[in-house]
Amino acid sequence: MEKIALVTGATSGIGEATALKLAENGFGVIITGRRQERLAVLKNKLEANGSHVLTLCFDVRDEEEVNTALKGLPPEWQNIGVLVNNAGLAAGFEPVQQGDSVDWNRMIDTNVKGLLYVTRFVSQGMIARKKGHIVNIGSIAGKEVYPNGNVYCATKHAVDALTKGIRFDLLPYNIKVTQICPGAVETEFSIVRFHGDKSRADKVYEGYECLVADDIAECIWFAVSRPPHVNVNDMLVMPTAQASASVFHKI
Ligand code: NDP
Ligand code: 8X3
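Along each chain, residue indices are assigned from 1 in the same order as the chain's sequence is written. Whichever chain is written first becomes A and whichever ligand is written first becomes 1, with later ones labelled in order. With the structure being a predicted model, the display of local features is reserved for residues of pLDDT at least 70 and the display and counting of side-chain atom pairs for 80 or more, all residues being used for whole-chain, interface and lining totals. The side-chain quantities take in all heavy atoms of the structure and omit both hydrogens and water.

**Re unusual backbone geometry**
Now for step 1: Even without glycine at this site, Asn 174 takes up a positive phi of about 65°.
Now for step 2: At His 195, a position not held by glycine, the phi torsion is positive, near 55°.
Now for step 3: For His 195, the position within the fold is in the loop between α6 (189-193) and α7 (198-204). Numbered from the N terminus, helices here are DSSP runs of H or I no shorter than four residues, and strands are runs of E no shorter than two.

Here it is, written out as structure tokens:
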């Protein structure tokens, strides 16, 4: 089998574009997410292009589910060379005094604990082989805080810290650890953040040219395709019309 990549949250947006990009560049891809039907559609699309694909349906928040799914990998899919920790979300946009703890838990459990569960499992194989690359999807929200961003920003600051911490942990084992931090990318992100309110979500991307998921997949591919002695530690990529988390030039 060719090199293998596992992408969490491949049913939509940046994860889906990344799975396509890696497959296009010769990787066998393990695509994961909670929506089985979307995984099946993407698998068909990738296989039609001649790629090898395995789907794994699990919720990254559930430690048992993560371990069971990854332990059950067929032998030919076990040597994961690239892990893209992409699954994540924002939920809600309220000041903390009006915050909903259901939203807080979803964000903390997905963006922080989910990343940890998947990384712990996959890194063990990488350590044994003394080879691997972990790419965490952070955010401009992990570099700055913006009004009403409170908990989401805290989770992405945690991803920033974990990326650095995991790099220390895995340094002796020849494992690269990269963080890619996007600004505004039009995906299902804002629909999820606003609990399905599509018209509110659309407004986030009005009046300027935002990024599309493939722009970030290109950055991930750049990092993944560097020679063995080069690690891209951190990449912050925003639309030209965005200067900070909350300052845009809109027309
Ligand atoms: P999407 O909503 O389009 O995609 C999110 C993906 O995460 C889906 O595939 C979803 O799959 C998966 N996911 C969410 N929760 C879980 C869970 N509990 N278990 C497993 N998978 C889960 O958003 P994006 O593509 O924009 O987001 C991808 C990453 O990029 C996130 O980490 C986000 O924080 C980050 N990001 C996004 C930016 C943007 O502007 N869009 C900017 C900066 C960072 P499913 O629902 O099938 O489980
Ligand atoms: C997603 C981008 O600015 O909405 O991480 O936090 S932002």
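**A look at the environment of Ala 223**
Now for step 1: If you trace the backbone, Ala 223 turns up in helix α8 (residues 213-224).
Now for step 2: Linking Ala 223 and Asn 44, residues 179 residues apart in sequence, is a C-alpha distance of 27 Å.
Now for step 3: Discounting chain neighbours no more than four positions away, the residues touching Ala 223 are His 133, Thr 178, Ile 180 and Val 232. Only heavy atoms matter for contacts: two residues are in contact if any of them lie within 4.5 Å across the pair.

**A closer look at the sheet that holds strand β5 (residues 132-137)**
Now for step 1: Two strands pair under a simple rule: DSSP has to find at least two bridges between them. The strand order across the open sheet built from seven strands is β3-β2-β1-β4-β5-β6-β9, with neighbouring strands paired in parallel fashion. On the outer flanks of this sheet lie β3 (53-57) and β9 (234-237), each paired with one strand and no other. Neighbouring strand axes in the sheet, compared pairwise and without regard to direction, differ in orientation by 15° on average.
Now for step 2: Judged from the five bridges that link them, strand β2 (residues 28-33) and β3 form a sheet pairing that is parallel. Considered in β3, the bridge of Val 29 is made with Val 53.
Now for step 3: Note on geometry: axes are C-alpha line fits, over the in-contact stretch for helices, and angles between N-to-C directions span 0 to 180 degrees. Against the sheet, helix α1 (residues 13-24) contacts β1 (4-7), β2, β4 (80-85) and β6 (175-182), and its axis sits at roughly 170° relative to β1.
Now for step 4: Lying on the sheet, helix α2 (residues 36-48) is in contact with β2 and β3; it crosses β3 at an angle near 175°.

**As for the state of the cysteines**
Now for step 1: Any two cysteine sulfur atoms within 2.5 Å of one another count as a disulfide. In total, this model carries zero disulfides according to the counting rule given.
Now for step 2: Free of any disulfide, Cys 181 has its nearest cysteine sulfur in Cys 219, 11 Å distant.
Now for step 3: Exposure is judged per residue with a 1.4 Å probe applied to protein chains only, and the accessible area is read against the type maximum: over 50% gives exposed, under 20% gives buried, and values in between give partly exposed. Judged by its relative accessible area of 0%, Cys 181 falls in the buried class.
Now for step 4: On the basis of relative accessible area, Cys 219 is assigned to the buried category, the value being 12%.

**Re the nonpolar core**
Now for step 1: Put simply, buried Ala, Val, Leu, Ile, Met, Phe, Trp, Tyr and Cys residues joined by side-chain atoms within 4.5 Å make one nonpolar core. Among the nonpolar cores identified, the biggest contains 32 residues, and Leu 22, Val 29, Ile 31, Val 84, Ile 180, Ile 216 and Ile 220 are the most heavily contacted of them.
Now for step 2: Those elements giving two or more residues to this core turn out to be β1, α1, β2, α2, β4, β5, α8 and β9.
Now for step 3: Considering every element that reaches this core, the biggest residue donor is α8, with seven residues.
Now for step 4: With residues near it in sequence (within four places) discarded, Ile 31 still touches Val 7, Ala 10, Ala 19, Leu 39, Leu 42, Lys 43, Val 53, Leu 54, Thr 55 and Leu 56.
Now for step 5: The next biggest cluster of nonpolar side chains, apart from the first, holds 25 residues, and it includes Ile 4, Val 60, Ala 69 and Val 177.

**A short note on α2**
Now for step 1: Under the 1.5 Å per step criterion, the end-to-end length of α2 is 18 Å for 13 residues, consistent within 8% with the ideal 18 Å.
Now for step 2: Elements in contact with the buried residues of α2: α1, β2 and β3.
Now for step 3: Downstream of α2 by one or two residues, Gly 50 has phi in the positive range, about 90°. Working rule for helices: expected span equals 1.5 Å times residues minus one.

**As for the pattern of salt bridges**
Now for step 1: Salt-bridge detection follows one rule: a side-chain nitrogen of Lys or Arg within 4 Å of a carboxyl oxygen of Asp or Glu. Evaluation of the coordinates by the stated rule reveals 12 salt bridges.
Now for step 2: Between Lys 198 and Asp 202 there is a salt bridge, and its shortest N-O distance comes to 2.9 Å. You can see Lys 198 and its partner Asp 202 sitting in helix α7, four residues apart, about one turn around the helix.
Now for step 3: Relative accessible area serves as the criterion here: at 28%, Asp 202 is assigned to the partly exposed category.
Now for step 4: By sharing partners, the salt bridges in this structure join Lys 143, Asp 160, Lys 164 and Asp 234 into a single network.

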